[in-house]
Amino acid sequence: MDYRFPLGLKGVIFSIIMSLLSAVHVLAQTKNAKEQIRSSYNQGKMSSFISELEIEHQTKLKKIGDLVRSKGLKASEKKNNGIQIALKDIGTDGTPLYYTTLNDPASQTSRAHTLYDKGLLNLGLTGTNMEVGVWDSGVALTSHQEFDTRAKNADDTDEVSLHATLVTGNLISAGVEPNAKGVAYGAQALTHDWSRDKIEVAEAAANGLLLSNHSYGILSDRVPDWYFGAYIKVTQDWDRIMYNAPYYLMVTAAGNAQNSYDNEAPNYGKTADGFDLLLGFTTTKNGLSIAGANTEIDSNGELKKASVAGYSSFGPVDDGRVKPDLAGDGGDILSTSSTTNSSYQVSAGTSMAAPGVTGSLLLLQQYHEELFGSFMKAATLKGLALHTADDVDAKGPDYKMGWGIMNAKSAAEVLQNREYTSLVNEESLLDGETFTLTVTAIDGEDLIASISWTDPEAETVNRGELNSVTAALMNDLDIRITKDGQTYMPWKLNPAKANDSATKGDNKVDPFERVEVENASGTYTITISHKGSLKNGQQDFSLIVSGAQVSNCSIETPSGIDLENSTSEGSTISWNEAEETLFEVQYKSIDSDVWESELIWENSFELASLEEGKVYEARVRSICTENAVSEFSETIEFEFQGEETTLIENTPLFIPQELNVSVFPNPAVDYLNVNAELSKDAEFSIVTTSGNVIKKGKTQGSINVASLSSGLYVLVVQDYSGIKSTKFYKN
């Protein structure tokens, strides 16, 4: 099918703008959105699966009890450094599987802070009215001063865990202690112990849970080497949960075993190299596994440097998929402690990196629901995070930090620009079908297209084969970008050369593929197809595209504003039309400080119920998305006199020449030059597309833009001959 400009685009833009102008977000919207999720699931199928898990759990408890008694094993223990260990599963080969917390005793990294009130994007996102699940070695200390009533003991247990309290604090702490403020500091956390994790998650997901955090995993020094990177029964179970509840996403800590020397037969390199150390549910196809990173973020939210943390476990998994998926900050995080209701503790490890990413994802779900009235499917949320992550070192993914460092700012901007310069579409591919669309690239920018899907659980699991390369992927979708006979391929990794840079080619193992065209120009075709037959006859997928001119909407400042006609009731103003552009008209009487505002698609508007003899003023601006808004036009004034109404002309002291402004180079890197006939008094302002003035000065010589973040800006030039604006891109 060919992509066409969507008929619903006006509704998309209007919903964005209404969320911008609305002062209150209604809680009922969130409840309705969750109900939509519940009603979209096959509850009978989920109920049967949960019953199956419950039966398996009871059988497993008996086997664990028998094993503890017959072998004299410890059912649980707590190390001197606070790490908790418990025997919680038995592998298909009879191996006791111990769960362990993944802190390594010792917010800005994800850029979630840019989404807060007064953050760089100033979106006012806090996680309010959002819920996140936390499964851990116990429950958090819910009475801690940082949680108010927002942390819930969902298991109704007395087993309070320091580790769970640290993780929960990193997610939702209110900021009573400012340095311990959580990423989603207005959200609610449902805290559970890990005893019945799969069962409880399946139940919660069936009822609309969007995200859960799991900062624990299988203890790496007590399993045979074949377990590392293997797709085992527990992996299959978690993939099955996510496939049957496609709005639910599991986020796990990758582990801290890089220097453990626990895998004596890795699928790449020597034991000391630290590869092939992922275990259990960190190897799922559908979840996100989070590595730990050391990062430096500047005041503009830009990543200046990053390296993988010295403790963080590396991939690859046995079939070569990109794992871990993302990286977050896990170093020396101050968070809530369970010692008292006002105590805090510093902790490190992938246990702390994971909730930083989970909280950021929760804010993105909140933002999408505020903009569009619904939540994203997990594949969309996951794909958005991988599509916008900050690449580190060599281009493309790697087996240390996956697709890079989580960047909530870039992800939010893709949502802001949806149907303008980006696409975020949820589609479905039928067996034997091919999906195609054409897009026009923004000249000079990278065109990036990604597909993400929640894959059915693999039909077979590894039962003892060392470093099995059998692919766990069931439905192998493919994405390609073509132009003039040239085909652009997705990124892929080779587990046999795990330390090498990523290459481009046919990816046969990952349920996420990303294709990039650098410095794109012109029209391209994006094609999504599949190999073989699709299990269940179809596969839902999410398509994310950035760097495309999706809409013809213009953020040029409206021109030609004039008084068109007047009646005894009011006056009609008009301006030059612009295709696919929403206009905001503001007007007021000259003795008022408050502007009345109206949103319209037409290029004229009647100001009704005017008082005769009063002077009114009006102005107009163009709106394409929340992030792409023009300056207001010049303000016109008129004294309302019924049909005799005319504009009040401000007679200039001289006859100005028309002000024409252009800029070069565009996109700009370090300096921007203004091409215009200007006086020595001319001034400029650089305005973000959300309306914030970030730089101003005299328009003399080149303008230094080196410190600006990459993105779209508006340059406003003012001189005696008027005000003109033009947009430019900063690379």
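Just so it is clear, the model here is predicted, and its values are computed rather than measured. (Residues numbered from 1 in each chain as written. Predicted model: local features only at pLDDT ≥ 70, side-chain atom pairs only at ≥ 80, totals over all residues. Heavy atoms only, no water.)

Trainee: Looking at this structure, how should I read the overall build of the protein?
Mentor: Across its full length, the protein carries nine helices and 39 strands. Rg of the C-alpha trace for the protein: 28 Å, near the compact-globule value of 27 Å for 731 residues, within the 12% margin. If one aligns the C-alpha atoms of the protein with their principal axes, the spans along those axes are about 100 × 60 × 50 Å. When the accessible surface of the protein is summed, it comes to about 29,000 Å², and 45% of that surface belongs to carbon and sulfur atoms. Of the charged side chains in the protein, 58 are positive and 100 negative; the average position of the first set lies 9 Å away from that of the second. (Helix = DSSP H or I, 4+ residues; strand = E, 2+ residues; numbered from the N terminus. Rg over C-alpha atoms; globule rule 2.2 N^0.38 Å. Areas by Shrake-Rupley, 256 points an atom, 1.4 Å probe, with all protein chains shown as cover. Lys, Arg positive; Asp, Glu negative; His and termini not counted. Charge placed at Lys NZ, Arg CZ, Asp CG, Glu CD.)

Trainee: Would you mind going over the nonpolar core with me for this structure?
Mentor: Most often, soluble globular proteins keep nonpolar side chains buried together rather than apart. Counting residues in hydrophobic clusters, the biggest one holds 106 residues, and the most contacted among them are Leu115, Leu211, Trp238, Tyr248, Leu326, Leu361 and Leu364. Top element by residues in this core is helix α7 (residues 350–372). It accounts for 11 residues. Contacts of Leu115, omitting those with residues within four sequence positions, involve Leu121, Leu123, Gly124, Leu125, Leu363, Leu364, Ala408, Lys409 and Ala412. (Core = buried A, V, L, I, M, F, W, Y, C linked by side-chain atoms within 4.5 Å. Buried < 20%, exposed > 50% of the residue type's maximum accessible area, 1.4 Å probe, protein only. Contact = heavy atoms within 4.5 Å.)

Trainee: Is there a simple way to think about the confidence of the model for the protein in this case?
Mentor: Fine structural detail should not be taken from predicted coordinates in areas where pLDDT scores are low. Averaged over every residue, the pLDDT of the protein is 89; residues scoring 70 or more account for 93%. Note on residues 1–9: pLDDT under 50 across the span, and 20 contacts to partners over four residues away in sequence or across chains. For residues 16–29, every residue scores under 50 in pLDDT, and the model assigns this stretch 20 contacts once sequence neighbours within four places are set aside. (pLDDT = per-residue confidence, 0-100.)

Trainee: How do you make sense of the packing of aromatic side chains when you look at a structure like this?
Mentor: Aromatic rings in a pair are described by how distant their centres are and how their planes are angled relative to each other. Summed over the entire model, instances satisfying the criterion amount to 18 aromatic pairs. Ring plane angle 25° and centroid distance 5.8 Å describe the contact between Tyr713 and Phe728, whose orientation is recorded as stacked. A residue pair is termed long-range when its members are at least 10 positions apart, and Tyr713 in strand β38 (residues 711–719) and Phe728 in strand β39 (residues 722–730) qualify at 15 residues. Among the aromatic side chains, those forming a connected cluster through ring pairs are Tyr99, Trp194, Tyr216, Trp238 and Phe281. Taking NZ or CZ as reference, Lys181 lies 3.9 Å from the ring centre of Tyr185, over its face. (Phe/Tyr/Trp six-rings, centres within 6.5 Å; stacked < 30°, edge-to-face > 60°. Lys NZ or Arg CZ within 6 Å of the ring centre and 35° of its normal.)

Trainee: Honestly, the sheet that holds strand β16 (residues 435–441) in this entry has me stumped. Any pointers?
Mentor: Consider a sheet: its strands pair through backbone hydrogen bonds, and that pairing is either parallel or antiparallel. Here four strands make up an open sheet; going across it, the order is β16-β23-β18-β19 and the pairing antiparallel. Either end of the sheet is taken by a strand with one partner, and the two such strands are β16 and β19 (486–488). Across this sheet, the average inter-strand angle for adjacent strands is 30°, counted without regard to direction. Of the strand pairs in this sheet, strand β18 (residues 477–483) and β19 are connected by three bridges, and their pairing is antiparallel. Looking at β19, one finds that Ile481 is bridged to Tyr488. (Pairing = 2+ DSSP bridges. Axes fitted to C-alpha atoms, helices over the stretch in contact; angles between N-to-C directions.)

Trainee: How should I be thinking about the sheet that holds strand β2 (residues 84–90) in this particular structure?
Mentor: Overall, antiparallel pairing links the four strands, which are arranged β1-β2-β3-β8 in an open sheet. With one partner strand each, in any of the chains shown, β1 (76–78) and β8 (216–218) form the two edges of the open sheet. Across the sheet, the axes of successive neighbouring strands diverge by a mean angle of 25°, strand direction being ignored. Relative to β2, β1 is paired through three bridges, and the arrangement is antiparallel. Considered in β2, the bridge of Ser76 is made with Ala86.

Trainee: Sorry, what's going on with the packing of helix α3 (residues 43–71) against helix α6 (residues 233–244) here?
Mentor: Taken N-terminus to C-terminus, the directions of α3 and α6 make an angle of 160°; their axes are 11 Å apart at the nearest point. Comparing their axes, α6 and α3 come out roughly antiparallel. α6 is crossed by α3, and the crossing has left-handed handedness. Along its contact with α3, which presents Lys45, Met46, Phe49, Glu52, Leu53 and Glu56, the element α6 presents Lys233, Asp237, Arg240, Ile241 and Asn244. The residue makeup of the contact of α3 with α6, split by class, is four nonpolar, one polar and six charged. (Parallel < 35°, antiparallel > 145°, perpendicular 65-115°, else oblique. Left-handed = near helix turned anticlockwise from the far one by under 90°. Nonpolar A, V, L, I, M, F, W, Y, C, P; charged D, E, K, R; others polar.)

Trainee: Explain the side chain of Thr95 to me, please; I cannot follow it from the model alone.
Mentor: Counting through the fold element by element, Thr95 comes out in the loop between β2 and β3 (96–101). With near-sequence residues (within four places) excluded, Thr95 lies in contact with Asp89, Ile90, Arg222, Val223, Pro224 and Tyr227.

Trainee: I would appreciate a short explanation of helix α8 (residues 378–388) in the present structure.
Mentor: Quick reminder: α-helices carry 3.6 residues per turn. Residues three or four places apart thus point the same way. Of all 11 residues in α8, 11 are buried, a share of seventy percent or more. Among the residues of α8, those classed as buried are Ala378, Ala379, Thr380, Leu381, Lys382, Gly383, Leu384, Ala385, Leu386, His387 and Thr388.

Trainee: Where do I start with the side chain of Lys198 in this structure?
Mentor: Along the polypeptide, Lys198 turns up in helix α5 (residues 197–206). Judged by relative accessible area, Lys198 falls into the buried class, the value being 12%. Reaching out from Lys198, the side chain makes a polar contact with the side chain of Asp237 at a distance of 2.6 Å. Setting aside its immediate chain neighbours within four residues, Lys198 contacts Leu53, Val234, Asp237, Trp238 and Ile241. (Polar contact = N/O pair within 3.5 Å; in protein donor to acceptor, adjacent residues only side chain to side chain.)

Trainee: For this particular structure, what's the right way to read the environment of Thr525?
Mentor: Tracing the backbone shows Thr525 in strand β23 (residues 522–530). C-alpha of Thr525 to C-alpha of Asn300: the two residues are 225 residues apart in sequence and 34 Å apart in space.

Trainee: Could you clarify how one ought to interpret the environment of Glu606 in this entry?
Mentor: Locating Glu606 in the fold gives a position in strand β29 (residues 604–608). You can call Glu606 partly exposed: its relative accessible area is 42%. Residues Glu606 and Leu303, spaced 303 residues apart in sequence, show a C-alpha to C-alpha distance of 48 Å. Excluding its chain neighbours within four sequence positions, the residues that come into contact with Glu606 are Ser571 and Thr572.

Trainee: Looking at this structure, I do not really get the state of the cysteines. What am I missing?
Mentor: Cysteine pairs can be covalently joined through their sulfur atoms, and such a bond is termed a disulfide. Applying the stated rule across the entire model yields one disulfide. One disulfide in the model links Cys553 with Cys624; its S-S distance is 1.9 Å. Since a negative S-S torsion denotes a left-handed disulfide, the Cys553-Cys624 link at about -95° is left-handed. Separated by 71 residues along the polypeptide, Cys553 in the loop between β24 (538–546) and β25 (562–566) and Cys624 in strand β30 (residues 615–625) bring together distant segments of the chain. For the pair Cys553 and Cys624, one class covers both residues: buried. (Disulfide = S-S within 2.5 Å.)

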